[in-house]
Amino acid sequence: MTDPVLRLEGIVKTFPGVRALDGVSFSVMPGEVHALMGENGAGKSTLMKVLGGIHQPDGGAIYMGNDVVVMAGPLEAKAKGIVFIHQELSLAEELSVAENIYLGELPRKSFGRVDWSTLAEKTNTILKKLNVGFDATTLVGDLSIANQQMVEIARALTVDARAVIFDEPTASLTDAEKSVLFDVIADLKADGVGIIYISHRMEEIFKITDRISVLRDGQYQGTVDTAASNEESVTQMMIGRKLDLSRTVSDHELGEVALEVRGLSCGDLYTDISFEVRRGEVVGFYGLVGAGRTEIAETLFGLRDPSAGKILLNGEEVRISSPADAIARGISLVPEDRKGQGLVLGMNCRDNMTLPQIDDLKAGPFVAEGAEIAIFDQYRDRLDIRTPSWKQQVGNLSGGNQQKIVIGKWLSMHPNVLIVDEPTRGIDVGSKSEIHKLLRELAAQGYAVMVISSEMPEVLHVSDRIVAMYSGQIMRTFTSDEVTEENLIQAISGITPGQAA
Amino acid sequence: MKPGKMSKMLKSGAIWGFIVLELVFFSVAGEFLSLSDKAFMDWENMLLLLKQSAPIGIIAMGMTIVMVNGNIDLSVGATFAIAAIVLLDSMTWPIFAGLGDWVIPVAWLLALTVGTVLGAINGFIVWKTGVDAFIVTLGSMLGYRGIVFMLNGEQPTSHLNWTLVDFAEAEFLGLATASWFLLAVTIVIWFLMAKTVHGRNVYAIGDNREAAVNAGIRVGPHIMINFAIIGFLAALSAVVFYSESGSVNPNDGQLYELWVITAVVLGGTKITGGAGNAIGTFGGVLAIQLLRKGLGHIGADTSTVNLVIGLILIAVLILDRQLNVKGKEELKV
Amino acid sequence: MATLTKHQIGSVLAKQGILIAFVAFMIAFTIANPKFLTPDNVLSVVRSSAILGVMALGVTFVVISGNLDLSVGSMMSFSTIVVLDLHDKIGPAMAIPAMFAMTLALGALIGFLVGYLKLNSLIVTLGMLSAIHGLTLTYSGGKNMDIADKEGTWFSVFGQGTALGIPVPILIFLALAAFLGLVLAKTGFGRKIYAVGGNGTAATFSGIRRARTVFLCYIMSAGCVATAGLMQASRSLGSQNTVGQGLELEVLAAVILGGASLLGGSGTVFKTVIGVLILGFIQNGLLIMGLQFYVQFVVTWVIIILAVWLDIAAKRGKLLSPIA
């Protein structure tokens, strides 16, 4: 029996407060395409980072052949024949394809000159293997995303790759481009390379993979032969837990429509989006990265101009030109990236919280610091924010407390429409459930709330209705009675339901 | 075509179009406004133009590689002055008294070494402290100028060596020595950036530093070498210029960095790094020199020239920003 | 949370390090030359730092908002020349507001380019440095400016007068520092400047009009430069048209010395005042020791590099950079 190319045994990785990988074992055979599946947060990317030398495991070992190997860093991993094709491309756009493929390893002649002919020769050999439409001298910046991805793959082939890991490779590809990619994968397969394919897209997984391994909550759930399995059972493996969070049952009346969106589009980012949010309800938006949810939020907050469609606030059509405009109209956004977008880390807690309304908190020409502190105190108590004083620099707070500052900031604006993008990303379990409770309370108080989330239990727990998105489109809108984990996952993976929508 | 491509084509051709525009404008305007009888575009004038472009042009080649790498050097004017002083002064040093005219190459060597070392110091500080190049060279712009005064007092340093002057004033194949130096440096830097591993790595570092680092390219040595190069070229520029002029004032070279950066940016090099080349810079240098000459030809004085150069730099930035608008993909932040 | 992290200790050292070094300097200078710490000398230093200090106040706003202004030196030359010129043409009462208007217009232009067009402030203000220099030369016809009747004008009060026993320039500096300090620390505008400089994206996401804030900072800076020009013109009642040359570096050095980060988001008016004084005393100390003015250049160079280096090192926790 052949040895696996790669074998991970009992890998453990912990970060402060969370056990990201809990004894994961996983192996890849030469010439197989092995899918790695799991929900967001299941541990797939952490596992790959361990494999790629970006993280060191706290327990367990990696084997290649019979030897234990230690991946000290990305260059080491590459030297051992493990190659990554990441979601974010890492190329120098002003350089040619050949120079990118051999970045850092350009063949030399005397006096430090580049050996162009050898470079061209080696590059063309690889490009021929990949059967691509561009040549070695094209500038990478001039290529389409799909072709740029090909260049990344070509980089992989400069090494005698033994394992190639694809992380969501088809996110930005057309169908035609996807089939080119699959041909390349088939070729790699034929060369005996072991391929790990990370993706949520069921259709592709069942098309090109040989085996599927599933992670759930950092734990290894099992491996099945693709041919012997189906979407339902894989989905079951991915989510089959006892949900300790109850489903939402709305027990209050809904108010009028606070926000209505009709036929909203923005170039390639999202198309023909229509939905409404009433006072007293939480509408959850669920989908993969790149589905277009955040982009919709950005449009509603005036950060992005739509190319078509209408936005109506309280029944009136509006044009939202900037965040200041959105705020003036009563829209608040708790953004996805709390450190980069939600907070000024060098400022203290109070100042961060009162920033959007600083012009309204006046005592003469000066800021009414007493009123500011009162606002801080109010939301510190309401949200249970742990900080020794308001003078503490926000950058020193824990993730959960930082997020609460951002939420407090926007709640203190008493918004018409509250949009929350990834409310509990990277936050400890305790704060997570506090925030979930808060969102339900806000609905009960009559707020109109939009929640964008990539965590299934979260979106199921807090939403009255769920909008499932895939590739910039709304696939289906569920009420909380209709939704099940299975049909939700299917919707966001691009599978349209059998009935007409 | 992706949004940037049309603008890229426009931009690389633009500088030559601009030069043609200038030639036409000043020739025509010169007919009406010029004080002299000669036409603007006569052959001698153009050769003179090339020669006068040399001091700024030689340094600009060094600035090109530094800026493509994602750095900047504001101390070139002061380095220029120091090298000039070393050049002229060393020819009078007693140690070299017995050398006769052989002191010339020695003086050159000393000046060039000093320039290289000053550049390497900048590069080393940027590398090891992590302080941004513009702050480091903003500081050395002041510090090196202080050294200029320390060497010179507040008096000019002069020395005339007639052999040297003859050489500097000579012409080979119709071009002045200075012009030949400019052309040679342009070609060497072009070659370095387009055809050597060091040069291609410089583009990578400026374009996508993370990708370069992940590919194993060591950024530090590249920074230091580039700064050493520009230090060397600042000294070379001084050598070329002062061999002929024979006298240097402590304030010489002031604002050179502005001219050089303007020429480099005009020639298509991006301030953020990753794009630009020696040929484009050559065009930028010519365009600026043409502007100076042209304005002088129609009777404008130094102050107007300063004003116009400053405004042109800003205009280029605005144009560059306009042509790089990415459209729907960008957030309005 | 009671223990200080290594980062915090390092940062405290870095900030206080400058004060410690300064105290050491002062002691050394006084030992070397007792004349250094006499009331007369101290007053003289503060007074001659006043003009630079006023300019540094304005630049502080720009730096906190995350930008630079290299044009302040030539802008100051412009203001000085213009007000001297107009003094004899339309009288001091009209000349002063006219000069302010013109200087503010220049500041508005820069503010527009950097704030609204979002151009790189280093390059823009470098270009403006040259453009304004040219403008000044053109305006002055290359000549120096002098007021015809030096005795008979009240104009000299700004630069030479005394009120309540204190030289007017010092009063102006302190008053402006107090006023601007209040604006920065206690008003909504000041808060927004810190936000824009600390995290421009988050500021926008909080509804702050980033472009307008940056624009207004350049207006403030121009206003301070105009004041400095007034003080300078009034002091000597005549001036070369290159009087402000090189001041932008000294101003920047003072701001950096005061601990403002060139990345934006931190710094205060008070700290800048300290930086101005530190710089002034160091320069004076060197002068008293008989060292020529250019030694100051070298010393300022070393100070700038050290101050920024230590600041960055404290933030990342390591002395040397991680560049390979």
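Parameters and conventions
- Residues numbered from 1 in each chain as written.
- Chains lettered and ligands numbered in written order.
- Predicted model: local features only at pLDDT ≥ 70, side-chain atom pairs only at ≥ 80, totals over all residues.
- Helix = DSSP H or I, 4+ residues; strand = E, 2+ residues; numbered from the N terminus.
- Rg over C-alpha atoms; globule rule 2.2 N^0.38 Å.
- Buried ≥ 20, exposed ≤ 12 C-beta atoms within 10 Å, placed from the backbone.
- Contact = placed C-beta atoms within 7 Å.
- Nonpolar A, V, L, I, M, F, W, Y, C, P; charged D, E, K, R; others polar.
- Pairing = 2+ DSSP bridges.
- Axes fitted to C-alpha atoms, helices over the stretch in contact; angles between N-to-C directions.
- Core = buried A, V, L, I, M, F, W, Y, C linked by C-beta atoms within 7 Å.

Attention now moves to the overall build of chain C. For chain C, the helix and strand inventory stands at 13 helices and four strands. Radius of gyration (C-alpha) of chain C: 20 Å, near the 20 Å computed for a compact globule of 324 residues. Each of the three principal axes of chain C carries a C-alpha extent, and together these read 65 × 55 × 40 Å. Here chain C holds 324 residues, and the buried ones make up 57% of them.

A word on the overall build of chain B. When you go through chain B residue by residue, the secondary structure sums to 13 helices and four strands. Taking 333 residues into account, the globule formula puts the C-alpha radius of gyration at 20 Å, and chain B, at 21 Å, falls close to it. Taking the principal axes of the C-alpha coordinates as reference, chain B spans close to 70 × 55 × 35 Å. Taking all 333 residues of chain B together, the buried fraction comes to 55%. Pairs at least 24 residues apart make up 81% of the contacts formed inside chain B by residues separated by at least 6 positions.

So, about the interface of chain C and chain A. Listed per partner, the contact involves 20 residues of chain C and 22 residues of chain A. For the side of chain C that touches chain A, the secondary structure elements donating two or more residues are α8 (188-198) and α9 (200-205) of chain C. Element by element, the count of residues in the side of chain C that touches chain A is highest for α8(C), at six residues. Taken together, the residues that form the side of chain C that touches chain A break down as six nonpolar, 10 polar and four charged.

Let's shift gears to the sheet that holds strand β5 (residues 67-69) of chain A. Residue and element names in this part refer to chain A. Taking strand neighbours across the sheet as the criterion, the four strands line up as β2-β1-β4-β5 in an open arrangement whose pairing is antiparallel. Looking at which strands have only one partner, the edges of the open sheet turn out to be β2 (18-28) and β5. Between one strand axis and the next, the sheet turns by 30 degrees as a mean value, whatever way the strands run. Sheet topology note: the strand β1 (residues 6-15)/strand β4 (residues 59-64) ladder contains four bridges and is antiparallel. When the sheet's bridge partners are listed, Glu 9 is paired in β4 with Ala 61.

All names here are of chain A. The pairing of β4 with β5 spans three bridges and is antiparallel. Residue pairing in the sheet places Met 64 in a bridge with Asp 67 of β5. Linking two consecutive strands that pair antiparallel, namely β4 and β5, is a turn of two residues; a positive phi of about 65 degrees is found at Gly 65 within it.

It is characteristic of soluble globular proteins that their nonpolar side chains tend to be buried jointly. If you look at the biggest cluster of nonpolar residues, it comprises 370 residues, and the most contacted ones within it are Ala83(B), Ala111(B) and Met55(C). By residue number, the principal contributor to this core is helix α10 (residues 219-245) of chain B, which donates 17 residues. Excluding anything up to four places from it in sequence, Ala111(B) contacts Ala83(B), Val86(B), Leu87(B), Ala235(B), Ala238(B) and Val239(B).

What follows concerns the pairing of strand β12 (residues 270-278) of chain A. Here strand β11 (residues 257-266) of chain A pairs with β12(A) via six bridges, running antiparallel. Note on β12(A): the bridge partner recorded for Leu264(A) is Ile273(A).

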